[in-house]
Amino acid sequence: MKGLEKIKSAVTSFIKGGGPYEKAVNEFIKELQKALISADVSIKVVLEFSKKIKEEALKSEPPPGVLRREWFIKIVYDNLVNLFGAEAPTIEPQKLPWILMLVGIQGSGKTTTAGKLAYFYKRRGYRPGLISTDTYRPAAYDQLRQLAEYIDAPFYGEKESKDPSGIAIRGLRHLRKEGANIIIIDTAGRHGYGDEEYLLKEVEELANRVKPDEIMLVIDAYIGQRAYDLAKRFHERTPIGSITITKFDGTAKGGGALSAVAATGAKIKFIGDGEKIEDLEPFNPKKFVSRLLGLGDLETLLEKFKALEESEELEKRWEKAITTGRLTLRDLYAQIKSLRKLGPLRKVLQMIPGLSMMPVDDERLQISEEKMDRWLNIMNSMTYSELDNPHIIDKSRIHRIARGSGTTPEEVKELLKYYETTKKLLKTMKRRKGILRKLGMRNAF
Ligand SMILES: Nc1nc2c(ncn2[C@@H]2O[C@H](COP(=O)(O)OP(=O)(O)O)[C@@H](O)[C@H]2O)c(=O)[nH]1
Ligand SMILES: [Mg+2]
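Just so it is clear, the model here is predicted, and its values are computed rather than measured.

Draft legend 1. Just the overall build of the protein, in detail. Looking only at helices and strands, the protein has 19 helices and eight strands in total. Split into buried and exposed, the 445 residues of the protein put 50% on the buried side. Across the protein, contacts joining residues at least 24 apart in sequence account for 73% of those joining residues at least 6 apart. Surface exposure of the protein reaches about 22,600 Å², of which carbon and sulfur atoms provide 51%.

Draft legend 2. Molecular detail of the sheet that holds strand β3 (residues 155–156). Strand order across the open sheet formed by eight strands is β3-β2-β4-β1-β5-β6-β7-β8, with mixed pairing between neighbours. Among the strands making up the open sheet, the edge pair consists of β3 and β8 (280–282). Across six bridges, strand β5 (residues 214–220) lies against strand β6 (residues 241–246) in parallel orientation. Bridging from a neighbouring strand, V218 pairs with T244 of β6. Here helix α9 (residues 227–237) sits on the sheet and contacts β1 (98–103), β5 and β6; the angle it forms with β5, its principal contact strand, is near 175°.

Draft legend 3. Local environment of the packing of helix α1 (residues 6–16) against helix α2 (residues 21–38). For the pair α1 and α2, the least separation of the axes is 9 Å and the interaxial angle reads 175°. Overall, the two elements α1 and α2 adopt an arrangement that is roughly antiparallel. Taken together, the residues of α2 that come into contact with α1 (itself represented by I7, A10, V11 and F14) are Y21, A24, V25, F28, E31, L32 and A35. Among the residues making up the contact of α1 with α2, the classes are represented as ten nonpolar, no polar and one charged.

Draft legend 4. The arrangement of the pattern of salt bridges in detail. Using the criterion set out here, one finds 23 salt bridges in the structure. In this structure, E197 engages R233 in a salt bridge whose closest nitrogen and oxygen atoms are separated by 3.5 Å. With a gap of 36 residues between them, E197 in helix α8 (residues 196–210) and R233 in helix α9 connect regions that are remote in the sequence. The residue E414 makes a salt bridge to K371 at a minimum N-O spacing of 2.8 Å. Of the two residues, E414 sits in helix α19 (residues 409–438) while K371 sits in helix α16 (residues 369–380), which places them 43 residues apart along the sequence. With relative accessibility at 28%, the residue K371 sits in the partly exposed group. Via salt bridges that share partners, E197, K201, E204, R233 and R237 belong to a single interconnected network.

Draft legend 5. Fine view of the site of ligand 1. Neighbouring ligand 1 are 16 residues; G107, K110, T111, T112 and D249 lie closest to it. In this structure, T111 approaches ligand 1 through a side-chain N or O atom, which is 2.8 Å from an oxygen atom. Here an oxygen atom of ligand 1 and a side-chain polar atom of E275 are 3.1 Å apart. Contact with the protein chains hides 80% of the accessible area of ligand 1, taken as 580 Å² for the molecule alone. Element by element, the count of residues in the shell around ligand 1 is highest for helix α5 (residues 110–123), at four residues. Its residues assigned to classes, the shell around ligand 1 shows one nonpolar, nine polar and six charged.

Draft legend 6. Structural context of the side chain of E214. Position of E214 relative to the elements: it lies in strand β5. At 2.9 Å, the side chain of E214 and the side chain of K269 are in polar contact. If near-sequence neighbours (up to four positions away) are discounted, E214 is found in contact with W98, I99, L100, M101, I240, S242 and K269.

Draft legend 7. Layout of a nonpolar patch on the surface. A contiguous nonpolar patch, built from I37, I43 and L47 and spanning about 270 Å² of accessible area, is present on the exposed surface. Its place among the elements puts I43 in helix α3 (residues 43–59).

Draft legend 8. Up close: the packing of aromatic side chains. For the structure on display, the rule yields twelve aromatic pairs. A centroid spacing of 5.4 Å and a plane angle of 55° characterise the contact between F14 and F28, whose relative ring orientation is tilted. In this pair, F14 sits in helix α1 while F28 sits in helix α2, placing the two residues 14 residues apart along the sequence. There is no split in this pair, since F14 and F28 are both buried.

Draft legend 9. The arrangement of unusual backbone geometry in detail. Residue L96 is joined to P97 through a cis peptide bond whose omega torsion reads -5°. Along the chain, the position of P97 falls in the loop between α4 (68–83) and β1. For D152, which is not glycine, the phi dihedral falls at a positive 65°. Here D152 lies in the loop between α6 (138–151) and β3. In this model, K211 sits at a positive phi of 55°, which is unusual for a non-glycine residue. Tracing the sequence through the fold places K211 in the loop between α8 and β5.

Scoring rules and cut-offs
- Residues numbered from 1 in each chain as written.
- Chains lettered and ligands numbered in written order.
- Predicted model: local features only at pLDDT ≥ 70, side-chain atom pairs only at ≥ 80, totals over all residues.
- Heavy atoms only, no water.
- Helix = DSSP H or I, 4+ residues; strand = E, 2+ residues; numbered from the N terminus.
- Buried < 20%, exposed > 50% of the residue type's maximum accessible area, 1.4 Å probe, protein only.
- Contact = heavy atoms within 4.5 Å.
- Areas by Shrake-Rupley, 256 points an atom, 1.4 Å probe, with all protein chains shown as cover.
- Pairing = 2+ DSSP bridges.
- Axes fitted to C-alpha atoms, helices over the stretch in contact; angles between N-to-C directions.
- Parallel < 35°, antiparallel > 145°, perpendicular 65-115°, else oblique.
- Nonpolar A, V, L, I, M, F, W, Y, C, P; charged D, E, K, R; others polar.
- Salt bridge = Lys/Arg side-chain N within 4 Å of Asp/Glu carboxyl O.
- Near = heavy atom within 4 Å.
- Polar contact = N/O pair within 3.5 Å; in protein donor to acceptor, adjacent residues only side chain to side chain.
- Patch = residues over 30% accessible without salt bridge, like charges linked within 9 Å, V, L, I, M, F, W, Y side chains within 5 Å.
- Phe/Tyr/Trp six-rings, centres within 6.5 Å; stacked < 30°, edge-to-face > 60°.

Structure (structure tokens):
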């Protein structure tokens with residue numbers, strides 16, 4: 001994270017600092033630009049990025065309960081998360097056994113990463129096995145064999161052979177017999193950067209014979225934004241590709257490599273940040289940006305961000321319920337649960353655009369927090385089929401549910417009535433929405 005750590009102090013002084021808002025925003029953006037450029041993020045990207053956050057900062061209003069400066073940091077956070085990759089990819093194998101082939105330029109850290117991955121997955125309860133197909137450097141065989149011994153994972157290699165795909169195929173057979181369920185194939189990569197085409201051709205030939213489930217490109221963070229070309233071509237050529245960026249600990253250019261790879265749409269799965277076997281982390285853009293901005297030290301701010309994100313999810317749920325006109329008790333449960341977590345009902349409802357159209361003052365919809373808790377208990381005592389099909393809940397079921405949840409049948413009926421009311425309300429909303437849409441007034445919501 002070298003080079004980027006300055007952002008943290010800029011955030012703290014921005015939040016705590018005085019002076020006019022617009023001036024502070026401009027100063028903050030300048031600091032951010034400096035940090036990103038020194039981390040080798042491309043200047044074009046930095047300028048577009050700054051323009052965007054500035055526009056958003058001056059245009060959008062913070063929701064109630066969020067200060068303007070905090071809101072600005074949320075905008076920066078969201079945009080940085082996008083810059084560095086948006087979603088965190090899943091690291092669990094989609095099936096077992098899983099065959100993972102590592103490719104990349106010589107010296108990028110493939111062999112080291114192969115060992116780190118085996119160690120990582122072993123600790124998660126898998127049985128990794130390692131295959132060395134590097135027939136160019138005899139030392140590569142010993143390097144991986146030693147790592148395998150250290151981790152106590154089965155290993156396969158043929159020191160004298162000159163046939164990488166033959167080794168891989170024999171290795172797969174051997175390691176499966178040994179019971180390995182994640183098989184990691186290390187390859188040779190003799191070509192330097194700028195010769196991507198040659199490397200990719202070799203990868204394709206090997207992949208055609210070995211048929212791995214995943215091909216992981218290992219990129220050295222030192223190459224900074226130059227990672228773009230390699231990652232882009234790789235991403236275009238292989239639908240089963242993922243990327244690990246290594247040596248994050250040793251260079252200030254990590255930000256450049258990350259943003260460049262993210263811009264290609266390729267999946268960044270892991271970050272290597274040290275020479276030791278445990279120095280490998282699954283890449284999570286949100287966590288990464290949180291750390292970058294130092295949000296861990298600004299706990300209340302982080303809490304607010306979380307609440308905002310939950311309210312966004314809640315809004316999506318309502319949107320879906322409104323458009324489909326369908327609502328189950330399971331939906332209601334999720335709604336009440338998030339509402340409960342989000343704090344005082346009224347304030348929260350105001351924060352949510354999708355909900356602000358609900359007639360909050362309507363007596364039918366006012367429920368106290370205490371009641372929410374009792375209702376959650378009631379729903380916890382229901383079976384899945386009751387939650388999905390509330391109409392099957394008859395008198396005897398009502399009694400059973402009341403007993404199980406330590407409530408009364410009246411309370412269960414009250415919840416069911418609330419459910420019916422909400423469902424009806426959704427239906428009217430759906431109708432209204434349809435009419436408004438026909439009239440071209442979609443944005444009325
Ligand atoms: N500091 C640091 N060094 C690394 C990292 N990953 C690999 N290396 C070092 O980079 C060098 C080349 O690694 P190696 O795995 O042999 O690369 P390969 O040629 O792609 O197999 C070795 O000295 C490794 O110790 C990392 O995340 N951080
Ligand atoms: Mg190697």
